[in-house]
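Per-entry structural report
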Amino acid sequence: MPKEARPSTGEQAKQHALAQLRQAILHGEMAPAQRLVENELAEQFGVTRASIRAALIDLESQGLVERIRNRGSRVRVVTVDEAVAITECRMVLEGLCAAKAAVAASDDQLIELTDLGTAMTKAVADGEPVTYSDLNHELHGRIREFSDQRTAQELLERLNAQLVRHRFQLALRPGRPQQSLNEHLTMIEAIRARDPQAAETAVRAHLTSVIEALRD
């Protein structure tokens, strides 16, 4: 939206600020523990402080921002212990989605998963961990989408948003993409075989490996 047409107050302004702030946090443009100064953000996004404050309250409810008494807001720091706990919850929900996808996915959707697996294999072979991380994120998203389990999707979107920093750190760890790739290919094969139990088991095995990597 051009700056001159951007609403400065009201619900549209809050949603604009919310979308911009959320994107900046998820893309790593705002680092964990970074202070979020309402005046500065209001000027940056061309909205009122009230709109920024309302957006920060929403982001706090999503687990992306924390408000410190008498010190304002900052990007929430997710500890390793919290990341492990979140991943344990993901294990249950993503296992459910994979099992559902194994039954519900169309043939075209299965081809899409296969193509993602091929692209992930190439990214690892080419030594492109950031590309691999993006494809990894996309694969999990497609499996959730193909499961048609809306409640699990919504819960996972919130959980995964809190793990962005850890996800990138793992992707950049030497040897991790190679190990992760094999786990993802096993997930894809189980879904392609339309074996819900094997698909859920593969997801749980992968996320167990993620937990071990987080604790290292």
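The structure displayed is predicted, hence computed values, not measured ones.

Further remarks concern the pattern of salt bridges. Overall, the coordinates contain 17 salt bridges when judged by the stated rule. A salt bridge links arginine 192 to glutamate 189, with the shortest nitrogen-to-oxygen separation between them at 3.1 Å. On the criterion of helical spacing, the pair formed by arginine 192 and glutamate 189 is a turn pair, its members being 3 residues apart in helix 9 (residues 176-192).

Of the strand pairs in this sheet, strand 2 (residues 65-68) and strand 3 (residues 72-75) are connected by 4 bridges, and their pairing is antiparallel. By the bridge assignment for strand 3, valine 65 is matched with valine 75. What sits between strand 2 and strand 3 in their antiparallel hairpin is a turn of 3 residues, with asparagine 70 showing a positive phi close to 65°.

By the secondary structure assignment, serine 133 is in helix 6 (residues 129-147). Within the structure, serine 133 has its side chain in polar contact with the side chain of arginine 167 (distance 3.1 Å).

Time to look at the sheet that holds strand 1 (residues 35-36). Read across the sheet, 3 strands follow the order 1-3-2 without closing on themselves; strand pairing throughout is antiparallel. The sheet is open, and its two borders are formed by strand 1 and strand 2, each paired with just one other strand.

Once that is clear, we can look at the nonpolar core. The tendency in soluble globular proteins is for nonpolar side chains to be buried side by side. Counting residues in each nonpolar core, the largest one holds 40 residues, and the members touching the most others are Leu113, Leu139, Ile143 and Ile191. When residues of this core are traced back to their parent elements, those giving at least two are helix 4 (80-104), helix 5 (107-125), helix 6, helix 7 (150-161), helix 9 and helix 10 (196-215). Sort the elements by how many residues they give to this core and helix 4 lands first, with 9 residues. Apart from residues lying up to four places away in sequence, leucine 113 is in contact with Leu139, Arg142, Ile143, Phe146, Ile188 and Ile191.

Attention now moves to the confidence of the model for the protein. Interpreting fine coordinate detail is not advised for predicted regions of low pLDDT. When pLDDT is averaged along the protein, the result is 91; 96% of the residues meet or exceed 70. Ranking the elements of the protein by mean pLDDT puts helix 8 (residues 164-171) last with 81 and helix 5 first with 98.

What follows covers the environment of arginine 35. For arginine 35, the location among the structural elements is in strand 1. Separated by 166 residues in sequence, arginine 35 and threonine 201 have C-alpha atoms that sit 41 Å apart.

How each quantity is defined
Residues numbered from 1 in each chain as written. Predicted model: local features only at pLDDT ≥ 70, side-chain atom pairs only at ≥ 80, totals over all residues. Heavy atoms only, no water. Salt bridge = Lys/Arg side-chain N within 4 Å of Asp/Glu carboxyl O. Helix = DSSP H or I, 4+ residues; strand = E, 2+ residues; numbered from the N terminus. Pairing = 2+ DSSP bridges. Polar contact = N/O pair within 3.5 Å; in protein donor to acceptor, adjacent residues only side chain to side chain. Core = buried A, V, L, I, M, F, W, Y, C linked by side-chain atoms within 4.5 Å. Buried < 20%, exposed > 50% of the residue type's maximum accessible area, 1.4 Å probe, protein only. Contact = heavy atoms within 4.5 Å. pLDDT = per-residue confidence, 0-100.

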